[in-house]
Structure formats: structure tokens, C-alpha cells
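Single-letter residue listing:
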Amino acid sequence: MFPTIQYVQLLAFARVRERPLLAIPRDFTELELQARWFAGDFGRSFTGTAGEEIEIVQFGIWNREAGPDFSDAAVRINRELTGGSIEFDLTDQNWEVHGHATNPAFDGTVLHVF
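Just so we're clear, the structure is a prediction, and the values are computed from it rather than from any experiment.

Thresholds applied
Residues numbered from 1 in each chain as written. Predicted model: local features only at pLDDT ≥ 70, side-chain atom pairs only at ≥ 80, totals over all residues. Heavy atoms only, no water. pLDDT = per-residue confidence, 0-100. Helix = DSSP H or I, 4+ residues; strand = E, 2+ residues; numbered from the N terminus. Phe/Tyr/Trp six-rings, centres within 6.5 Å; stacked < 30°, edge-to-face > 60°. Buried < 20%, exposed > 50% of the residue type's maximum accessible area, 1.4 Å probe, protein only. Core = buried A, V, L, I, M, F, W, Y, C linked by side-chain atoms within 4.5 Å. Contact = heavy atoms within 4.5 Å. 1 Å grid on protein atoms, 1.4 Å probe; cavity = no way out; pocket = protein on both sides within 12 Å on 5 of 7 lines; lining within 4 Å. Points joined across faces, edges and corners; volume = space filled by probe spheres on them. Polar contact = N/O pair within 3.5 Å; in protein donor to acceptor, adjacent residues only side chain to side chain.

1. Regarding the confidence of the model for the chain
- Within the chain, residue pLDDT values average 88, and 86% of them lie at 70 or more.
- Put simply, helix α1 (residues 3–13) is where the chain has its lowest mean pLDDT, 74, and strand β4 (residues 70–77) is where it has its highest, 97.

Here it is as C-alpha cells:
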């Protein structure tokens, strides 16, 4: 008998059931995504919408008040180091919807993550 068949049969009659180690929600909130971003869960290297090479050198300071989500970040875009703020949104349209384009607090934003 194949090991996979034995495993299926064992599961059918077992009194102990397997369950996921962590419950993963289907839809993350913006706050949860910010926390995972800040922890580095998504990595440090990305490709921009126009093909730019993006590397996060320093995630910055997490801002829970009004203004960009992360300040004093260091980002390398196409190998050129730049500093500024990072704004994190669930969708790209939120930049306009939330009024970031006309808010002077967002003038120093170097990266919009969505």
C-alpha cells in the first residue's frame, strides 16, 4: 500500500485531527499589512510599476498618527539611495481617494506601497 493511501486511511479513523498552525484571515486590514511590512515579512526587494528596482534599506519609523505610514525610511530605487516617507494603502487608488496628492504632509513620500 502506498504511503499516501495509508495516510488518508489513518486520517479517516483518527481521533486527532490536523488544523492550521495559525488562522490566516482572508482579507488583511491596512494595519495588519503595515505591521507585516514593518516586520519585513514581504522582503526588501521589489519591482516598481514601471520596472524600477526597489530595495528597502530602512523601513523607517512607523507613524500611527496622521501623515505617511512610515517616516525617515531609506529606499534604493534603481541603485540610487533616497530618504523620505513610505505610504501603505490597500489599493493604488487610495492615494487620490485619501487626498494624499494634495496633502503637504505627503510631499516627502518616496514610495507608495499598495
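Moving on, there is more to tell.
2. What to know about the packing of aromatic side chains
- Here the structure, examined in full by the defined rule, presents seven aromatic pairs.
- Between the aromatic rings of W37 and F59, the centroid separation amounts to 5.4 Å while the plane-to-plane angle is 85°, which identifies the pairing as edge-to-face. Of the two residues, W37 is situated in helix α2 (residues 30–38) and F59 in the loop between β2 (53–58) and β3 (61–62); the sequence distance between them amounts to 22 residues. Of the two residues, W37 and F59, both sit in the buried class.
- Ring geometry for F38 and W62: centres 5.6 Å apart, planes at 40°, overall tilted. With F38 in helix α2 and W62 in strand β3, this residue pair connects regions lying 24 residues apart in the sequence.
- By relative accessible area, F38 is classed as partly exposed at 35%.
- Clustering of aromatic rings is evident, with ring pairs tying together W37, F46, F59 and F88.

3. Details of the nonpolar core
- Judged by nonpolar contacts, L33, W37, I54, I56, F59, F70, A73, V75, I86, F88, L111 and V113 together constitute the single largest core of twelve residues.
- Those elements that place two or more of their residues in this core are α2, β2, β4, β5 (80–88) and β6 (109–113).
- If you tally residues by element for this core, the top one is β4, at three residues.
- With residues near it in sequence (within four places) discarded, V75 still touches I54, E55, I56, E80, L81, T82, I86 and V110.

4. Notes on the layout of surface pockets
- Of the volumes computed, that of the largest pocket is approximately 290 Å³.
- What lines the largest pocket is a set of 13 residues, among which G48, T49, I54, L111 and H112 lie closest to the centre.
- Going through the elements one at a time, β1 (45–47) and β6 are the ones with two or more residues in the lining of the largest pocket.
- Of the residues forming the lining of the largest pocket, the biggest block, four residues, is contributed by β6.

5. Some points on the environment of Q93
- By the element assignment, Q93 lies in the loop between β5 and α3 (94–97).
- Its relative accessible area of 48% is what places Q93 among the partly exposed residues.
- Between the C-alpha atoms of Q93 and F114, which are 21 residues apart in sequence, the distance is 9.0 Å.
- A distance of 3.3 Å separates a polar atom in the side chain of Q93 from a polar atom in the side chain of T91.

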